[in-house]
Structure formats: structure tokens, C-alpha cells
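Architecture and fold: a report
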Amino acid sequence: MMTKTKQRKKQWAKFLERNKKSGGYLLKSIAAEKTYKLVRAVLLFGLCFLILQPLLNKLSLSFMEERDLYDPTVVSIPRHFTLANYVLVNKLIGFWKALFNTLWVALLISFTQVAFATLVGYGFARFNFPLKKFWFACVLLVIVVPPQTIMSSLYLHFRYFDVLGIIKLITGQTINLQNSIIPYVLLCMGCMGLKNGLYIFLIRQYFRNIPKELEEAAYVDGCGTFSTFFRIMLPDAKPILVSCFLFAFVWQWTDSFYSKLFLGNIKLLPKMLTSISGLLSDYINSIGAGVKATVGYSQMMISTGMIMAIIPLIIIYIVAQKGFVESLSRTGIKM
Amino acid sequence: MEKKKKRSDLKTQKAISGYLFILPFIIGFLSFMVSPLIESLRMSLSNVKIVAGSGGFIMEFIGIDNFKRAFFVDPEFNRMLVDEIRKMAVDVPAILIFSFIIAILLNQNFKGRGFVRAIFFLPVILSSGVLVGLEYNNSLLSGMQEVIKKSSAVDLTEVLKQILLSSGFGERTLKVVFDIINHVYDIAIASGIQIIVFLSGLQTISSSMYEAAKIEGCTVWESFWKITLPMVSPLILVNLIYTIIDFFIKSDSKVMDKISTTMISKMDYGFASAMAWVYFGAVILMIAVFGGIVSRLVFYDD
């Protein structure tokens with residue numbers, strides 16, 4: 001014990017001496033560094049808390065009973081812990097069915113999006129052809145155009161779907177593709193889905209950075225254009241494809257715009273979430289309690305629903321966090 | 001002679017396969033983007049009537065009446081649009097600066113960096129799609145905040161605000177600053193992708209540059225302005241454009257809301273298309289103005 005304090009004292013004396021020699025610079029710089037670190041830690045902690053707080057708040061709300069809402073002594077830890085909210089929300093929105101629907105729709109859509117965006121991105125990155133700049137400008141245009149601008153005509157387009165008037169000629173009627181998933185898949189195959197331009201852009205950036213020698217070596221060894229793509233380039237691009245897939249999956253999971261437009265009759269989670277308060281009041285009417293759902297109570301239900309909808313995403317995020325972040329930083333995005 | 005011919009053959013072959021690769025995009029672009037764009041432009045210039053039963057719709061050309069209606073007749077549209085643009089003019093720079101600062105902080109070495117990064121990128125999930133809209137409806141939370149505000153005797157920001165305002169320092173600028181501070185959550189939640197992009201840029205700057213600057217006697221402050229900022233400036237442009245687009249098309253925008261309700265529940269396709277076109281025009285204008293200003297300041301290394 002004694003030796004330790006002695007040693008420390010010795011070190012301190014040494015430090016002071018060095019400080020003296022440097023004219024006070026050493027102490028000043030160390031103090032500045034320590035303060036900076038402290039300020040940074042406080043700032044980051046605060047911001048992290050800020051981001052997490054609504055999530056935590058919802059989490060604690062979802063475990064409360066209604067009377068806890070009006071109890072001023074309950075702030076974040078529920079006094080009457082209950083799982084009743086989850087049970088009720090599950091009943092209201094048919095959670096498992098909605099989850100399953102959302103899952104397969106999101107998987108199908110994001111897979112289609114990424115598959116076709118990969119083809120297009122590769123085409124833009126590795127080939128030279130006439131009008132390439134023009135078509136790439138079109139990709140940028142797709143990123144910029146708000147989907148709402150073309151929503152109305154797309155809506156009607158698929159309501160009265162026809163290929164160059166052929167179908168009407170044969171059957172005398174156009175097809176109503178409104179309430180099926182086909183139009184949306186078609187859109188994704190044409191790279192016009194949700195944020196599809198962005199995926200093309202990212203994938204192109206990634207392919208551009210692959211050295212040309214790799215491709216040339218493959219050609220010399222007798223690979224054709226397509227087998228080069230499938231056997232050499234695709235395996236190399238796995239990280240960016242994974243992260244694009246993850247983004248597409250997450251954004252599709254929470255999207256309400258396209259699903260409202262095209263998937264009217266499929267019960268998806270985001271749509272059920274927005275209608276939760278309506279469903280709640282219907283439910284209360286149906287059991288004939290004769291009271292209206294209070295604002296607080298329906299908010300509690302919405303919070304619970306949101307937690308239930310987000311949890312799968314959070315799990316994916318935790319598992320594949322690297323996929324979200326690291327590969328994006330390797331694309332070297334530049335304008 | 002023959003050699004030359006062969007090379008050009010390879011070239012055309014490559015061009016053809018290039019076109020094959022981007023073919024899905026071309027088809028999609030022409031059928032799902034160009035034709036709807038033209039059609040929606042036509043709709044915006046006409047009165048669209050749905051023909052019941054047989055399928056199909058007819059358009060009566062009525063000139064720019066729909067646009068006139070959007071600007072001069074409709075009571076809300078003008079105000080909503082101006083509000084949106086004003087909000088954007090404050091929010092976009094704030095998001096850019098915030099994400100830049102956070103990216104710099106997250107690029108430094110400290111304990112638990114991975115964890116902090118994970119939290120900052122979480123908004124990529126949390127701010128997407130329907131979740132934002134629900135957040136805004138959360139009246140209970142804001143009610144609770146009010147209660148908390150009232151119950152705590154001294155509101156620090158309020159006091160600070162009073163002091164600063166009474167100091168007679170430009171009231172308007174201060175108001176903008178307070179607005180930003182009050183919306184720091186919205187800003188943090190909107191800047192997930194931007195942080196990733198900036199971070200990727202920061203990681204490409206070689207540390208030897210900073211070392212050289214340090215040896216030459218640069219302070220940290222100076223090397224920030226002389227090295228970090230110019231090297232990252234192309235990404236500022238990328239982020240700026242991304243932020244503007246993201247801001248305009250996020251689902252809680254009031255104008256978007258109005259357009260979709262006009263279209264889906266009122267079936268007024270012509271008017272909705274006109275509004276959508278005005279909105280699109282505003283987006284393009286914003287991108288052109290801001291992008292034009294920023295692209296002049298961008299420094300390209302190569």
C-alpha cells in the first residue's frame with residue numbers, strides 16, 4: 001500500500017517537473033483533453049438518451065394498466081404490471097396474421113428490388129454504352145421524383161390495367177390489378193419501387209470500386225459477360241447487397257404509402273397500426289361497455305402496437321448491425 | 001485492319017450486354033415513370049371523370065384551372081406549401097450540421113463506440129414510414145411533457161431564453177435557434193443515413209494528412225477547416241440533396257397528406273395531380289437553389 005502511494009507521489013512530482021519544463025503546456029493540454037472527453041461523453045449520453053427515450057417510454061407504457069396513467073406517482077415504471085395490452089392489441093389487429101403477411105411481403109419485395117437493382121447497378125458500373133449518362137440521369141430523376149406525383153396515374157393505370165389495349169380487345173374489359181400484389185412486384189422489377197433509385201445508386205458505387213483487373217482476368221480465363229457477373233462480381237458484392245436488402249426490408253416493413261396504394265386488402269402491420277384507435281373504439285362498442293376509449297388508453301394501445309411492430313426490426317438490427325453500417329462506408333459515395 | 005475490327009466488335013458486344021443489364025430499368029422507367037408522369041401532367045391540366053361500370057376514365061381539357069384552384073381558390077394549399085418550405089429551410093441545414101458533428105464524434109476513439117454508433121443509426125429504422133406519422137399523433141406524450149414542465153419549478157431552457165432575449169441580441173435569430181433546440185429530437189431522428197454517409201467520408205481521409213498538419217503547427221480547429229471540411233464537402237452535397245428529398249417525401253408532410261386524401265377519398269384526380277406537380281416543382285427548385293450554392297463550395301480532391 002505504502003509503496004503504491006509513494007510511487008504515485010513520485011510520478012506526480014515527475015509530471016510537475018515535466019510540466020515546468022514545458023512551460024505549463026503539458027498540464028494545459030491534458031486538462032483540455034480531459035474536459036473535451038467529459039463534454040463529449042455527456043453530449044453523446046444525452047443524445048443517445050434522447051433517441052432511446054420515446055422507445056423506452058412506449059415500452060413502459062405498454063406494460064401499464066390504465067389506472068397507472070392517471071397516477072401521478074407513476075412515471076416510467078408501471079405499478080400494476082400487466083400483459084393485458086399485448087393480448088388486447090393482438091386480438092385487435094390480428095398480430096400474428098399481420099406479422100406473417102408483412103414478413104412475406106417485405107421479403108418478396110425487398111428481394112425483387114435488390115435483385116433487379118443489382119443487375120442495373122452492375123450495368124451502369126462496368127459497361128460503356130451509348131446514352132449511358134442519359135440513363136443514369138434518369139436514375140437520379142427517379143430518386144428525386146416524389147412518388148406522390150405519379151401516384152394518381154399509377155393508381156388508375158393499375159385499376160384499368162392493359163397491355164397496349166390487347167386485353168381489352170380480347171375480353172372487352174380491362175383487368176383490375178388494384179387489390180393484388182402483382183402491380184407492386186412489377187414496379188419493383190422495373191426498379192420503380194420504394195427508394196429503388198437509391199439502391200441502384202449505392203450498388204453502382206460499389207461495383208465501380210472493384211478493380212478492372214479482376215474482370216479482365218475472368219474474361220481471359222474464358223468467362224462470358226454473364227458468368228463473370230454471377231461467379232466473380234456477385235460474391236464480391238455480398239456486403240453491399242446485404243445492406244441494401246436490409247434497408248429495403250426495413251423500409252418496406254414500415255412503409256404505408258405503397259402498401260396503401262397497391263396492397264389494399266392485405267392486412268399489413270403498418271396499416272393495422274394506423275387504424276388501431278378506430279379498431280379499439282369499435283371493440284369497446286361491440287362489448288357494449290357504453291363508454292368511449294379515452295385518449296390515453298388508445299395511445300397506450302398504439303404504443304403497444306408500435307413496440308410489437310418494431311421488435312422484429314430491432315432484433316434484425318441488433319443481429320445485422322454491421323450489415324447496415326459498415327458496407328455503406330465501403331461504397332465511397334460521391335457525387 | 002482486322003485487329004481494329006475485332007476490337008470494335010468487343011465494344012459493341014459490351015454495349016449490348018450493358019444494355020441488357022439495365023434493360024429492367026429502361027422498361028420500368030418508360031412504363032412506370034415516364035408514362036405516368038406524362039399522364040399525371042395531362043390529368044393536372046384536365047378534369048378527370050371516372051366512368052362508372054365499363055372501366056376507364058375520361059379527361060376534359062380545362063387548361064390551368066387546377067393550378068389556379070390550388071393557388072387561388074383552395075384555402076390551405078398555399079399556406080401548407082409555404083410552411084413546408086420554411087420548415088425545410090431551417091431543418092435541412094440543422095440536420096446537416098448535426099449529422100456532421102455527430103459523425104466527427106463517432107469517428108473518434110472512445111470506449112463503447114460501437115454501442116453509441118448503433119444507437120445513432122437506430123433512427124434509420126425508427127424514422128421510417130408509418131412510425132413517424134404515429135409519433136406525431138402521440139398526443140399523450142406531449143400532454144405528459146406539459147405536465148412535467150409545469151411541475152418542475154424552474155425550466156432551465158425557459159430561463160435561458162428569457163436571459164438571452166432580454167440581452168437584446170437579435171430576437172429573430174434566437175427564435176430560430178430555440179426552434180432548432182426544441183426540435184432536436186426530430187433532427188436526431190432524421191439524420192441516421194446522413195451520419196453514415198459523413199462517417200464513411202471521414203474514414204477515407206488519411207491520418208497522415210492530419211499528422212503533417214500537426215507538425216506544421218496546425219491547431220485542431222485549423223485542421224478541421226483546412227482538411228476535414230474540404231475533404232468531406234462532396235458528401236455535404238450528397239447529404240444535402242438526400243435530406244431535401246427525404247424531408248419532402250416523408251409521410252408526415254401535410255401537403256402529401258392533403259394530396260393523398262384528395263386523390264383517394266375525394267377521387268379528385270385532376271386537382272390532386274396539379275398539387276403534386278406544384279409540390280414536385282418546389283422540390284426541384286429547392287434542390288437547384290441549395291445544390292447550386294453548395295456545389296460551388298465543394299472541393300474535389302482529384
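Below you will find a few notes about this structure. Because the structure is a prediction, the values reported are computed rather than measured.

**With respect to the overall build of chain B**
When helices and strands are counted, chain B shows 15 helices and 2 strands. Counting over 302 residues, chain B shows a buried share of 44%. Within chain B, contacts between residues separated by at least 24 positions form 65% of all contacts whose residues are at least 6 apart in sequence. Carbon and sulfur atoms provide 65% of the accessible area of chain B, an area that totals close to 16,700 Å².

**Structural notes on the overall build of chain A**
The helix and strand tally for chain A stands at 18 helices and 0 strands. Counting over 335 residues, chain A shows a buried share of 49%. Partitioning the intrachain contacts of chain A with sequence separation of at least 6 by distance along the chain shows that 72% fall at a separation of at least 24. Accessible surface, chain A as shown: approximately 17,300 Å² in total, 67% of it carbon and sulfur.

**Focus on a positive patch on the surface**
Residues and elements named next belong to chain A. A contiguous patch of positive charge, built from Lys6, Lys10, Lys14 and Arg18, is present on the exposed surface. With respect to the helices and strands, Arg18 occurs in helix α1 (residues 2-21). The class of Arg18 is exposed, set by a relative accessible area of 51%.

**Here's the deal with the packing of helix α2 (residues 65-73) of chain B against helix α15 (residues 269-297) of chain B**
Residues and elements named next belong to chain B. At a minimum axis distance of 9 Å, the contact between α2 and α15 shows a crossing angle of 70°. When the interaxial angle is binned, α2 and α15 end up roughly perpendicular. When the axes of α2 and α15 are compared, the crossing they make is right-handed. Facing Asn66, Phe67, Arg69, Ala70 and Phe71 of α2, the residues of α15 in contact are Gly270, Phe271, Ala274, Met275, Trp277 and Val278. When the residues that make up the contact of α2 with α15 are grouped by side-chain class, the tally is 8 nonpolar, 2 polar and 1 charged.

**Remarks on the nonpolar core**
Core analysis: the largest hydrophobic core is formed by 178 residues, its most contacted members being Phe25(B) and Phe120(B). When residues in this core are grouped by element, the largest group, 16 residues, is from α15(B). The residue makeup of this core includes at least three contributed by each of domain 1 (2-62) and domain 2 (84-330) of chain A. Residues in contact with Phe120(B), not counting those within four places in the same chain, are Leu44(A), Leu47(A), Cys48(A), Ile51(A), Phe98(B), Ile102(B), Leu106(B), Gly192(B) and Ile195(B).

**Considering the interface of chain B and chain A**
Facing 83 residues of chain B, the contacting portion of chain A comprises 91 residues. The junction of chain B with chain A conceals about 8,200 Å² of combined surface from both sides, 79% of it contributed by carbon and sulfur atoms. Looking at the side of chain B facing chain A, the largest losses of area belong to Phe21(B), Phe25(B) and Phe32(B), adding up to 11% of the total buried there. Counting across the chain B and chain A interface gives 2 salt bridges. For Glu215(A), the salt bridge identified is with Lys14(B), shortest N-O distance 3.6 Å.

**So, the packing of aromatic side chains**
Applying the stated rule across the entire model yields 31 aromatic pairs over all chains. Ring geometry for Phe124(A) versus Phe25(B): centroids 6.3 Å apart, planes at 75°, classification edge-to-face. Here Phe124(A), found in helix α5 (residues 95-126), pairs with Phe25(B), found in helix α1 (residues 2-44), and the two come from separate chains. The two residues Phe124(A) and Phe25(B) agree in class, both being buried. Measuring from centroid to centroid gives 5.4 Å for Phe127(A) and Phe21(B), while their planes differ by 25°, and the two rings are stacked. Of this pair, Phe127(A) sits in the loop between α5 and α6 (132-144) while Phe21(B) sits in helix α1, which puts the two residues in different chains. Of the residues examined, Phe127(A) reaches a relative accessible area of 1% and is grouped as buried.

**Comments concerning a nonpolar patch on the surface**
Taken together, the side chains of Phe226(A), Phe230(A), Ile16(B), Leu20(B), Leu23(B) and Ile27(B) present a nonpolar region at the surface, about 580 Å² in accessible area. Only α12 (225-236) of chain A together with α1 of chain B provide two or more residues apiece to the nonpolar patch. For the nonpolar patch, the element with the most residues is α1(B), which contributes 4 residues. Inspection of the secondary structure puts Leu23(B) in helix α1. With a relative accessible area of 37%, Leu23(B) lands in the partly exposed category.

**Description of unusual backbone geometry**
Residues and elements named next belong to chain A. Although it is not a glycine, Leu131 adopts a positive phi angle of roughly 70°. Tracing the backbone through its elements, the reader meets Leu131 in the loop between α5 and α6. For Leu131, a relative accessible area of 53% puts it in the exposed group. Despite not being glycine, Lys195 has its phi angle at roughly 55°, a positive value. Mapped onto the elements, Lys195 comes out in the loop between α9 (182-189) and α10 (196-208).

**Notes on the pattern of salt bridges**
As a working rule, side chains carrying opposite charge can pair if their charged atoms are close by. Evaluation of the coordinates by the stated rule reveals 7 salt bridges over all chains. Between Glu76(B) and Lys258(B) there is a salt bridge, with its nearest N and O atoms 3.1 Å apart. One end of the pair, Glu76(B), is in the loop between α2 and α3 (77-107); the other, Lys258(B), is in helix α14 (residues 254-264), and 182 residues separate them in sequence. Judged by relative accessible area, which is 9%, Lys258(B) ranks as buried. Here the salt bridges do not stand alone but share partners, grouping Arg126(A), Glu215(A) and Lys14(B) into one network.

**A word on the side chain of Ser60(A)**
With respect to the helices and strands, the residue Ser60(A) is situated in helix α2 (residues 25-62). Excluding its chain neighbours within four sequence positions, the residues that come into contact with Ser60(A) are Ser76(A) and Pro78(A).

How each quantity is defined
- Residues numbered from 1 in each chain as written.
- Chains lettered and ligands numbered in written order.
- Predicted model: local features only at pLDDT ≥ 70, side-chain atom pairs only at ≥ 80, totals over all residues.
- Heavy atoms only, no water.
- Helix = DSSP H or I, 4+ residues; strand = E, 2+ residues; numbered from the N terminus.
- Buried < 20%, exposed > 50% of the residue type's maximum accessible area, 1.4 Å probe, protein only.
- Contact = heavy atoms within 4.5 Å.
- Areas by Shrake-Rupley, 256 points an atom, 1.4 Å probe, with all protein chains shown as cover.
- Patch = residues over 30% accessible without salt bridge, like charges linked within 9 Å, V, L, I, M, F, W, Y side chains within 5 Å.
- Salt bridge = Lys/Arg side-chain N within 4 Å of Asp/Glu carboxyl O.
- Lys, Arg positive; Asp, Glu negative; His and termini not counted.
- Charge placed at Lys NZ, Arg CZ, Asp CG, Glu CD.
- Axes fitted to C-alpha atoms, helices over the stretch in contact; angles between N-to-C directions.
- Parallel < 35°, antiparallel > 145°, perpendicular 65-115°, else oblique.
- Left-handed = near helix turned anticlockwise from the far one by under 90°.
- Nonpolar A, V, L, I, M, F, W, Y, C, P; charged D, E, K, R; others polar.
- Core = buried A, V, L, I, M, F, W, Y, C linked by side-chain atoms within 4.5 Å.
- Domains from an automatic or database assignment.
- Buried area = accessible area lost by both parts, 1.4 Å probe.
- Phe/Tyr/Trp six-rings, centres within 6.5 Å; stacked < 30°, edge-to-face > 60°.

All quantities given are derived from atomic positions and should not be read as evidence of function.
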